[in-house]
Amino acid sequence: MALPEKMHAVLLKEDGYSSSGEVSPTLENIGKFLEHAEIDLPRLKPGQVLIRVIMASVNPSDTIFVQGYYGQPRVKGAPAGFEGVGQVVAGKGLYASYLKGKRVSFVAGPNGSGAWAEYAVADASGVIPLRKDVRNEDGAAMIVNPLTASAMVDMVPEGGAFIATGGASQLGKLMAGLARSTGRRLIAVARRDEPLAHLKSLGAAHALNERSESFQADLVAAIKAENPTVMLDAVAGSVSARIFNAMPKDSRWVIYGKLAPELPEIQEPGKLIFMRQHIEGFWLVTWMSRTPFLRKIKTIRAVQARFASGQWKTDISTHVSLRNVMAELPAALAQPDGKVVITYDQG
Ligand SMILES: NC(=O)c1ccc[n+]([C@@H]2O[C@H](COP(=O)([O-])OP(=O)(O)OC[C@H]3O[C@@H](n4cnc5c(N)ncnc54)[C@H](OP(=O)(O)O)[C@@H]3O)[C@@H](O)[C@H]2O)c1
């Protein structure tokens, strides 16, 4: 099939980073940052594939990036969106050409062209050819969260216990399933009661609501029972500091997201000095560049097998068509429990 010359896309309206203003998790002011347009198809560089996008997921990293607060600069006029699933329609280079016709999960990295467009470009070396039994909903969210969950749970000693904040998030649910299947004990912390039973059914040993009156007592009891040595923290706010303060000596606070608007305050610096507690960050991009190739392949295969078997499932809250992103995305992002995915007219 001949490729069209033009495509619909949602484009970034600003360059670089922002330095002032608050980040809205629901992109309330979407028209300031994004616009819908028809543009030329992106061009391929050697080693890249052109992908006809089937579905793209909307992750917190996308909304933070669009507003100029993520770890890489924006490029005005470029399509937004990091992650998706689609069919490879062209490739430049031997391996890239071999991928033609395959359905793949992809991340449009800094060298590629964004996923919120009918066609996207990604490095062939970074795409994941999908098994037939993996749903598009799972393929669209196969890389950013599942690999992060797998890599981070690997930081917890085998048979050990850990705490995960932002428990109701997609990543939180993936980690609950991983805790069960890898024999680790999870204390999941969410900010509402509703997700707690589900987190336990997925595999969390304890599920706590950080906003309940009994939270401090529940936390202390769970820590006493499980002796968790790692906190995987999506929130990086005052609750994270409270939890860390209650953790035992030698424990690690691993910050991988910043969902809370307020800054965390170290409550007892002496614990860093005398109890060997420490604080660090995790970013999947660093993990991808530093992890040996064979270990990465093993992790990617295991992730795909978990989705294919139904052990993992991406919960979707809302489907928004690409052409309605500007009008519908903020309301869709305000829905709790599940990911928003962008869908594409395949006609
Ligand atoms: N470092 C990395 O490499 C990496 C990779 C992937 C993702 N991440 C980060 O991981 C986090 C989760 O991503 P996701 O895609 O799994 O999220 P998601 O499914 O879109 O869900 C977001 C969740 O965050 C919760 N939340 C929002 N603000 C909160 C706050 N102030 N305190 C506590 N919970 C809050 C929401 O709770 P409710 O359900 O109660 O509204 C919701 O469950 C994000 O921060 C993302 O940037 C980091």
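Cut-off values and rules
Residues numbered from 1 in each chain as written. Predicted model: local features only at pLDDT ≥ 70, side-chain atom pairs only at ≥ 80, totals over all residues. Heavy atoms only, no water. Phe/Tyr/Trp six-rings, centres within 6.5 Å; stacked < 30°, edge-to-face > 60°. Helix = DSSP H or I, 4+ residues; strand = E, 2+ residues; numbered from the N terminus. Buried < 20%, exposed > 50% of the residue type's maximum accessible area, 1.4 Å probe, protein only. Axes fitted to C-alpha atoms, helices over the stretch in contact; angles between N-to-C directions. Parallel < 35°, antiparallel > 145°, perpendicular 65-115°, else oblique. Left-handed = near helix turned anticlockwise from the far one by under 90°. Contact = heavy atoms within 4.5 Å. Nonpolar A, V, L, I, M, F, W, Y, C, P; charged D, E, K, R; others polar. Core = buried A, V, L, I, M, F, W, Y, C linked by side-chain atoms within 4.5 Å. Domains from an automatic or database assignment.

A. Fine view of the packing of aromatic side chains. Under the counting rule described, the total for this entry stands at 6 aromatic pairs. Ring geometry for Phe 65 against Phe 82: centres 4.9 Å apart, planes inclined by 50°, an arrangement best described as tilted. In this pair, Phe 65 sits in helix 2 (residues 60-66) while Phe 82 sits in the loop between helix 2 and strand 4 (83-91), placing the two residues 17 residues apart along the sequence. Phe 82 carries the same exposure label as Phe 65, and that label is buried. On the basis of an interplanar angle of 80° and a centroid distance of 6.0 Å, the ring pair of Tyr 70 and Trp 283 is categorised as edge-to-face.

B. Quick look at the packing of helix 5 (residues 144-153) against helix 6 (residues 170-182). Contact pair helix 5 / helix 6: the axes reach a minimum separation of 9 Å and the direction vectors enclose 45°. For the element pair helix 5 / helix 6, the angle class is oblique. The interaxial crossing formed by helix 5 with helix 6 has right-handed handedness. Here helix 5 contributes Asn 145, Pro 146, Thr 148, Ala 149, Ser 150, Met 152 and Val 153 to the contact with helix 6, which in turn contributes Gln 170, Leu 171, Leu 174, Met 175, Leu 178 and Thr 182. In terms of residue class, the contact of helix 5 with helix 6 is built from 8 nonpolar, 5 polar and no charged.

C. Quick look at the nonpolar core. Core analysis: the largest hydrophobic core is formed by 44 residues, its most contacted members being Met 142, Phe 162, Met 175, Leu 186, Leu 232, Tyr 256 and Phe 282. Per element, the largest residue contribution to this core is 6 residues, and it comes from helix 6. Counting contributing residues, this core receives three or more from each of domain 1 (6-141 + 314-343) and domain 2 (145-285). Residues Leu 27, Trp 116, Leu 333 and Ile 342 belong to the second largest nonpolar core, which totals 35 residues.

D. Examining unusual backbone geometry more closely. Positive phi, normally seen in glycine, also occurs at Ala 236, with a value near 50°. In this structure, Ala 236 sits in the loop between strand 11 (230-233) and helix 9 (238-246). Since its relative accessible area comes to 3%, Ala 236 is described here as buried.

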